[in-house]
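Residues per chain are reported as follows:
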Amino acid sequence: MDTPLNKNGLEQANLLGKYLKSVRFAKLYSSNMMRTQQTAECVLNHSKQQPPPELILDTRIRERNFPAELEGQPSLSWIKDAMAWSAKENLAPIRYNIAGAEPHAGFQDRVVSFFKVIL
């Protein structure tokens, strides 16, 4: 689900922009999700850098994809399930695979491929 930042999120993004206003960026990367773009734009809007850095949108740094019934829902219940399962299997909780969600390995490969290109 691609949702915009809410009022609190916009306030936090503007605070981030103010905090980073003097930082010089070669480039600014964001996923193509609406709220990550809004956050990046707040950083750019507060930046004193001239010319401003290029904003590059990349789908590889999107958050992990979850089934529609979990998108936008409080995550506490399924996080508790993931923690319990992970403890039982002696795995890091992030490796928990949720039915219908993007597998952890696919998510990891996607994000690593992004960093291999930019680093």
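Everything below is about the structure printed above this text.
Residues numbered from 1 in each chain as written. Predicted model: local features only at pLDDT ≥ 70, side-chain atom pairs only at ≥ 80, totals over all residues. Heavy atoms only, no water.

K.L.:
Report on the overall build of the protein, specifying residues and quantitative values.
P.N.:
A tally of regular secondary structure across the protein gives four helices and two strands. Relative to its full complement of 119 residues, the protein shows a buried share of 27%. By sequence separation, contacts in the protein at least 24 residues apart represent 71% of the contacts at least 6 residues apart. By element, 57% of the accessible surface of the protein is carried by carbon and sulfur atoms, the whole surface being about 8,100 Å². (Helix = DSSP H or I, 4+ residues; strand = E, 2+ residues; numbered from the N terminus. Buried < 20%, exposed > 50% of the residue type's maximum accessible area, 1.4 Å probe, protein only. Contact = heavy atoms within 4.5 Å. Areas by Shrake-Rupley, 256 points an atom, 1.4 Å probe, with all protein chains shown as cover.)

K.L.:
Lay out helix α1 (residues 7-19) in plain terms, naming residues and giving numbers.
P.N.:
Since there are 3.6 residues in each turn of an α-helix, residues three or four apart along the chain are aligned in direction. With 13 residues, α1 ought to run about 18 Å at 1.5 Å a step, and its terminal C-alpha atoms sit 18 Å apart, in line with that. Along α1, the residues classified as buried are G9, A13 and G17. Take α1 and look down its axis: the buried residues cluster within an arc of 80°, on one side only. Among the exposed residues of α1, those pointing more than 90 degrees away from its buried face are K7, L15 and Y19. Buried residues in α1 make contact with α2 (34-46). The distance from a side-chain oxygen at the start of α1 to the backbone nitrogen of N8 is 3.1 Å, and the residue carrying that oxygen is N6. (Expected span 1.5 Å × (residues − 1). Arc of directions from axis to C-beta. Polar contact = N/O pair within 3.5 Å; in protein donor to acceptor, adjacent residues only side chain to side chain.)

K.L.:
An account of the pattern of salt bridges is requested, with residue identities and associated values reported.
P.N.:
Per the counting criterion, the structure on display carries three salt bridges. For R35, the salt bridge goes to E63, with nearest N and O atoms at 2.8 Å. Residue R35 is located in helix α2, and its partner E63 is located in the loop between β2 (54-57) and α3 (76-89); the two are separated by 28 residues in the primary sequence. With relative accessibility at 36%, the residue E63 sits in the partly exposed group. As a salt-bridge pair, R60 and D58 come within 2.7 Å of each other at their nearest N and O atoms. (Salt bridge = Lys/Arg side-chain N within 4 Å of Asp/Glu carboxyl O.)

K.L.:
Lay out the packing of aromatic side chains with the relevant residues and their values.
P.N.:
Within the structure shown, the criterion is met by two aromatic pairs. Ring plane angle 80° and centroid distance 5.4 Å describe the contact between Y29 and F114, whose orientation is recorded as edge-to-face. You can see Y29 sitting in strand β1 (residues 27-30) and its partner F114 sitting in helix α4 (residues 104-118), a full 85 residues away along the chain. When the centroid spacing of 5.0 Å and the interplanar angle of 75° are considered together, the rings of F114 and F115 count as edge-to-face. Among the residues examined, F114 registers a relative accessible area of 3% and is labelled buried. (Phe/Tyr/Trp six-rings, centres within 6.5 Å; stacked < 30°, edge-to-face > 60°.)

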